[in-house]
Amino acid sequence: MIVRKKIIGALVVAALLGGNAKAQDALLKTGEHHYENLSYSKAIDAFEAALKKKGLTEQQKLATKIKLGDSYCKIKDSQNAERVYAEVINTAGELSGENIAVSLKYAQVLASNGKYREAQEMYEKYTRKVEDDPRGKGFSKLYNDVSVLSKNANCYKVDYLSINTNSADFSPAYYKNGLVFVSNRHNSVGVRRVFGWNETPFLDLFFLDDVSAIGGQAAGLGTGSSDIKTPRKRNSRSSVVGSDEYTTPTSNDSRTIGNYGGMNVMAGLGYGDRPVTESERFGGSINSKYHEGPAAFFKDASKVIFTRNNFNNGKAKRSSDGINKLKLYMGDANKDGWKNIKELPFNSDEYSTGHPALAANEKLLFFASDMPGGFGGTDIYVSRYDGGNWSAPINLGKTVNSKGNEMFPFADEKGNLYFSSDGHAGLGDLDIFFVQMDGTTSKGQVINLGSPINSSKDDFGIVTDAFRKAGYFSSNRKRGGVDDDIYKFDRECELKEGCDLIIAIYDAETKMPLDNATVFYEDKEGHMIEIMSDADGSVKIEGLEQDVEFAFRATRDGYGANTVSFSTKDCDNETSRLEIPMSRPKPVVDSTALAKNDKANGTNTANAQNGYAGENTTQSQQSGKSETGTQQGEQTSTTNTSVLTGNTCTIRGRVMTQGTKQAVDGVLVTLRSECDNTTQTAFTDVTGNYEFIIVEGCDYTVEGSKDNLGSKGKRVRKLNCKKGGVTADIYMFGTGDIVQVDNIYFDYGKCDLRSDARSELDKLVTIMRKYPKMRIELRSHTDSRSESDFNQKISEGRAKASANYLLKRGISRSRIEYAGYGESIPVNSCVDGVECTEEQHAQNRRTEIKILQMN
């Protein structure tokens, strides 16, 4: 360490004194050398020193900062990684080529630091650039509301164990009556050797022979958020070192080193190196001078399978690119320790294998590897064992494995699989997941265990019983960075598992919710379940069995029954949503009675109908112009059997775009009478105009439709033709447009929806049901008359409250995003220091929707 600091120090001094490009080039070359040789802590020192000097080109700065950010990620310093990546994003603008991955890495470190809204934005940017990577969509969807991973939080009691030190302690495994775990604590015999990646001691296995000796304290952690708000400054005397030494997130053929645990040596935190409860170093024939890692034991303790660097008979071997990879070894127990230590046959010098986990029948071995042909960085594989031979490994497939990293598998007594992943949507870094297994085949979806088992930091290395009533896991949540610790958990209540579903029941015509509707369905036991919809027309069902096809039948007085099917095959942690529209029965018309009525009135129903439609059509055909002097589009009409009589007049308008107010031609405009449900339709011309003949005394609705566009429509009430016609302009919106939602009010300083605001949001629910593929962002704004921090917080809370109301009405979470903008985007000049009227301030207090997608 002293020698390294002298070398870096000499380079810095040379740069200060020489002030020339050669010294700066030397720093960059030094950083590049250490970066390529995976010595990230040393690379950080050189890159930081080089960036402090002037003279680098913008291209050099960008390349250096990207590698600096990556180096901080490798040593698990997410605070400094966020700082560097923020500089890259803010100065480089749009990234392209291989640099697009910076958006993904920045999103990941933001999540690790508990900044989910910001992380969501970066995941969305990444998705727009790399559409075929499902991580962007998955994490963005989750970060709309991470509280879905907290539904079982109150069921678990989590304790920090007394065996932990300020070094890396992780990956416990059951052995006899105790635990074997991995650590790099400083109590080994002989010369202290360090691992070049992070300047930390090599890892060994340690043994606690009696778990009853373990003490603990309530962890009170795991909520999925970070209390750290600003980046830590690096200590010049003791830098943040180490990384969780799992195989790092790289492609299968990259320079992936075999590393899978971590430590954090940070001054002044007050944590000692020695644990409260002592453990002994495991059998010397297993522990070598290189890394030994997670192990799995046969139930009778006669055999062990463990992870170690490629080191045999006192010799270390390297891959063709110079890396000492990880391998799996098997040994037999004897009275002096372990003997007959041999490699498993599917090892290779060119890739890593590690993290063994035996199935309950001891015939299947699950493990992690970055061997070629996988889905991402490291994948979970399985090999069959017949007592003497191992089969070729089988990749568990895309249900389990992602474009990220899957590792640290564990098989419970039922054969179900737990593993950690940073590729499946989670709270940040590695999360622990669960999937049901049928031998070597996964069944159903991968499930995130949620908090408090998972947090925004690394959570991995779980061992538990068949019902997950108690167990242990590893996490670096306590002190962040790279100091892994072992935790104990106990479950104290029944878990809420299965698929949660909200059913929204509404009138098919008006789109308004229907209360007191009864929903029937059969549960997995064949029992008929009956649930009544609430005042919001909603029915919430929890814990539906996975991979089952359900049929939900809704009934209500005055409406025809409707049955809608729903499959739980693809459900995940997020509550699913299902809509059931209900229609009133259509009245049956007695044609004989109608004919008698026609005869008594001296009229003919068909002629009256055709005459009404024909009058509207004929006017356009004969004159070619409306009263406004514009060419009309083709007019057609369909009616029911009601006779239209009375005074008539004109309703006309113009169809325009929401944003630019430009005319839209080719829009199908539909006019519907609320008296008798008769409809007329017309297409707009190049000037966007339309015109209809209507009868006074009725309410009418008019709306437009065109591919990739939507409209809110207009309602015309009780038209009096003696006062002449009426104008009703229609505004169309499409992807990217921002539409203001009127009259969504909140009490001062509060985020609770008022009753008058709900009626306006109901209109938005109607629009979203009308356009089932439409995705929106709810945007809340304030005026500038309070502190900006207060305004920002209030606007975020109000946007979330509005979004939650839509969710409660059955709109899918995947269709809604929300954001608070505080006072940052005024529509006028009323900013701090500018005197404005109340009306001007009110213009800035608004709720908008941005159309993210129409089709």
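Below: a short report on this structure. (Residues numbered from 1 in each chain as written. Predicted model: local features only at pLDDT ≥ 70, side-chain atom pairs only at ≥ 80, totals over all residues. Heavy atoms only, no water.)

## Re the side chain of Asp536
Following the sequence through the fold, Asp536 ends up in the loop between strand 28 (528–532) and strand 29 (538–544). Beyond its immediate stretch of four places on either side in the chain, Asp536 contacts Pro513, Lys808 and Arg809. (Helix = DSSP H or I, 4+ residues; strand = E, 2+ residues; numbered from the N terminus. Contact = heavy atoms within 4.5 Å.)

## Side note on the pattern of salt bridges
Across all of its chains, the model carries 34 salt bridges by this definition. The shortest N-O distance in the salt bridge between Lys65 and Glu87 comes to 3.5 Å. Taken together, the positions of Lys65 in helix 4 (residues 58–74) and Glu87 in helix 5 (residues 78–92) put the pair 22 residues apart, joining distant regions of the chain. The residue Glu777 makes a salt bridge to Arg779 at a minimum N-O spacing of 3.0 Å. Note on Glu777: relative accessible area 11%, which makes it buried. Residue class for Arg779 comes out buried when judged on its relative accessible area of 10%. Put simply, Glu48, Lys65, Arg83 and Glu87 are held in one network by salt bridges that share partners. (Salt bridge = Lys/Arg side-chain N within 4 Å of Asp/Glu carboxyl O. Buried < 20%, exposed > 50% of the residue type's maximum accessible area, 1.4 Å probe, protein only.)

## Things to note about the nonpolar core
Tyr72, Val102, Tyr106, Tyr123 and Tyr143 are the most contacted members of the largest nonpolar core, which totals 38 residues. For this core, the elements supplying multiple residues, two or more each, are helix 3 (40–52), helix 4, helix 5, helix 6 (101–112), helix 7 (116–129) and helix 8 (134–142). If one sorts the elements of this core by residue count, helix 6 sits on top with seven residues. In contact with Tyr123, other than residues within four places in its own chain, are Leu104, Ala107, Gln108, Arg135, Gly136, Phe139, Ser140 and Tyr143. (Core = buried A, V, L, I, M, F, W, Y, C linked by side-chain atoms within 4.5 Å.)

## A few points about the pairing of strand 24 (residues 470–475)
Of all the six residues making up strand 24, five are buried; the element is thus mostly covered by neighbouring parts of the structure. Two strands pair when backbone bridges link them, and strand 23 (residues 459–464) and strand 24 are joined in this way by four bridges, in the antiparallel orientation. Bridge assignment links Thr464 to a residue of strand 24, and that residue is Gly471. Count of turn residues in the strand 23/strand 24 antiparallel hairpin: five residues, of which Arg468 carries a positive phi of about 55°. Where strand 24 meets strand 25 (residues 485–491), six bridges bridge the pair, whose relative direction is antiparallel. Residue pairing in the sheet places Gly471 in a bridge with Phe489 of strand 25. (Pairing = 2+ DSSP bridges.)

## Remarks on the packing of aromatic side chains
One pass over the full model with this rule turns up 32 aromatic pairs. Measuring from ring centre to ring centre gives 6.3 Å for Phe181 and Phe206, while their planes differ by 25°; the resulting arrangement is stacked. Separated by 25 residues along the polypeptide, Phe181 in strand 3 (residues 178–183) and Phe206 in strand 6 (residues 204–208) bring together distant segments of the chain. Taken together, a centroid distance of 5.7 Å and an interplanar angle of 50° make the contact between Tyr690 and Phe692 tilted. Take Tyr690 and Phe692: they sit in the same class, and that class is buried. Between Lys469 and the ring centre of Phe467, over which it is positioned, the NZ or CZ distance is 5.7 Å. The ring of Tyr160 has Lys478 sitting right over it, with the charged end atom 4.3 Å from the ring centre. (Phe/Tyr/Trp six-rings, centres within 6.5 Å; stacked < 30°, edge-to-face > 60°. Lys NZ or Arg CZ within 6 Å of the ring centre and 35° of its normal.)

## Looking at the sheet that holds strand 15 (residues 353–358)
With antiparallel pairing, four strands are arranged side by side in an open sheet as 15-16-17-18. Sheet topology places strand 15 and strand 18 (394–395) at the edges, where each strand pairs with a single neighbour. One ladder, built from four bridges, connects strand 15 with strand 16 (residues 364–369); its direction is antiparallel. Following the sheet pairing, Leu358 is matched in strand 16 by Leu365.

## Some points on the packing of helix 3 against helix 4
Following both chains from N to C, one finds helix 3 and helix 4 inclined at 145°, their axes separated by 9 Å at the closest point. Along this stretch, helix 3 crosses helix 4, giving a crossing that reads as left-handed. Between helix 3, through Tyr40, Ala43, Ile44, Phe47, Glu48 and Leu51, and helix 4, the contact on the second element is made entirely by Lys61, Thr64, Lys65, Lys67, Leu68, Ser71, Tyr72 and Lys74. When the residues that make up the contact of helix 3 with helix 4 are grouped by side-chain class, the tally is seven nonpolar, two polar and five charged. (Axes fitted to C-alpha atoms, helices over the stretch in contact; angles between N-to-C directions. Left-handed = near helix turned anticlockwise from the far one by under 90°. Nonpolar A, V, L, I, M, F, W, Y, C, P; charged D, E, K, R; others polar.)

## Examining the pairing of strand 19 (residues 406–411)
When you tally the buried positions in strand 19, you get six out of six residues, the bulk of the element. Where strand 19 and strand 20 (residues 417–421) come together, four bridges link them in antiparallel fashion. Opposite Met407, over in strand 20, you have Ser420 as the bridge partner. In sequence, strand 19 turns back onto strand 20 through a hairpin of five residues, with Gly415 there showing a positive phi of about 85°.

## Observations concerning the state of the cysteines
Under the definition given, this model contains three disulfides. A sulfur-sulfur distance of 1.9 Å marks the disulfide that ties Cys675 to Cys698. Across the S-S bond of Cys675 and Cys698 the torsion is about -115°, and the bridge reads as left-handed. Here the residue Cys675 occupies a position in the loop between strand 35 (668–673) and strand 36 (679–683), and Cys698 occupies one in the loop between strand 37 (689–695) and strand 38 (700–705), the gap between them amounting to 23 residues. Exposure remark for Cys698: the relative accessible area of 11% places this residue in the buried category. (Disulfide = S-S within 2.5 Å.)

## A few points about the packing of helix 6 against helix 7
Following both chains from N to C, one finds helix 6 and helix 7 inclined at 165°, their axes separated by 8 Å at the closest point. In terms of axis orientation, helix 6 runs roughly antiparallel to helix 7. In this structure, helix 6 crosses over helix 7, and the sense of that crossing is left-handed. Residue-level inspection shows Ser103, Leu104, Tyr106, Ala107, Gln108, Leu110 and Ala111 of helix 6 in contact with helix 7, the latter providing Tyr116, Glu118, Ala119, Met122, Tyr123 and Tyr126. (Parallel < 35°, antiparallel > 145°, perpendicular 65-115°, else oblique.)

## Topic: the environment of Asn562
Looking at the secondary structure, you find Asn562 in strand 31 (residues 559–567). Overall, Asn562 belongs to the partly exposed group, its relative accessible area being 23%. Along the chain, Asn562 and Val519 lie 43 residues apart, while their C-alpha atoms are 9.6 Å from each other. Once residues within four sequence positions are removed from consideration, Asn562 is found in contact with Phe552, Arg553, Ala554, Ile580 and Pro581. A polar contact is formed between the side chain of Asn562 and the backbone oxygen of Pro581, at a distance of 2.7 Å. (Polar contact = N/O pair within 3.5 Å; in protein donor to acceptor, adjacent residues only side chain to side chain.)

## Re a negative patch on the surface
Taken together, the side chains of Glu525, Glu545, Asp547 and Asp570 present a region of like negative charge at the surface. For Glu545, a relative accessible area of 37% gives the class partly exposed. (Patch = residues over 30% accessible without salt bridge, like charges linked within 9 Å, V, L, I, M, F, W, Y side chains within 5 Å. Areas by Shrake-Rupley, 256 points an atom, 1.4 Å probe, with all protein chains shown as cover. Lys, Arg positive; Asp, Glu negative; His and termini not counted. Charge placed at Lys NZ, Arg CZ, Asp CG, Glu CD.)

## Observations regarding unusual backbone geometry
Pro452 follows Ser451 through a cis peptide bond whose omega is 5°. One can find Pro452 in the loop between strand 22 (441–448) and strand 23. Residues other than glycine seldom take positive phi values, yet Phe408 does so here, at roughly 50°. Looking at the secondary structure, you find Phe408 in strand 19.

## Considering the sheet that holds strand 26 (residues 499–507)
Taken together, three strands build an open sheet; the order of strands is 29-26-32 and the sheet is mixed. Whereas interior strands pair on both sides, the edge strands pair on one side only; in this sheet they are strand 29 and strand 32 (576–582). Taken pair by pair, the neighbouring strands of this sheet meet at an average axis angle of 20°, ignoring direction.

## Considerations on helix 3
Taking 1.5 Å per residue, 13 residues should reach 18 Å; helix 3 reaches 18 Å between its end C-alpha atoms and fits that length. Of all 13 residues in helix 3, ten are buried; the element is thus mostly enclosed. (Expected span 1.5 Å × (residues − 1).)

## Considerations on the layout of surface pockets
The calculated volume of the largest pocket comes to roughly 1,700 Å³. Looking at the largest pocket, it is lined by 49 residues, and the ones nearest its centre are Pro134, Gly136, Lys137, Gly138 and Lys141. Of all the secondary structure elements, the ones that give two or more residues to the lining of the largest pocket are helix 7, helix 8, strand 22, strand 44 (775–781), strand 45 (816–822) and strand 46 (847–853). Broken down by element, the residue count for the lining of the largest pocket peaks at nine residues, all from helix 8. Residue composition of the lining of the largest pocket, by class: eleven nonpolar, 17 polar and 21 charged. (1 Å grid on protein atoms, 1.4 Å probe; cavity = no way out; pocket = protein on both sides within 12 Å on 5 of 7 lines; lining within 4 Å. Points joined across faces, edges and corners; volume = space filled by probe spheres on them.)

So yeah, pure geometry; function would need other evidence.
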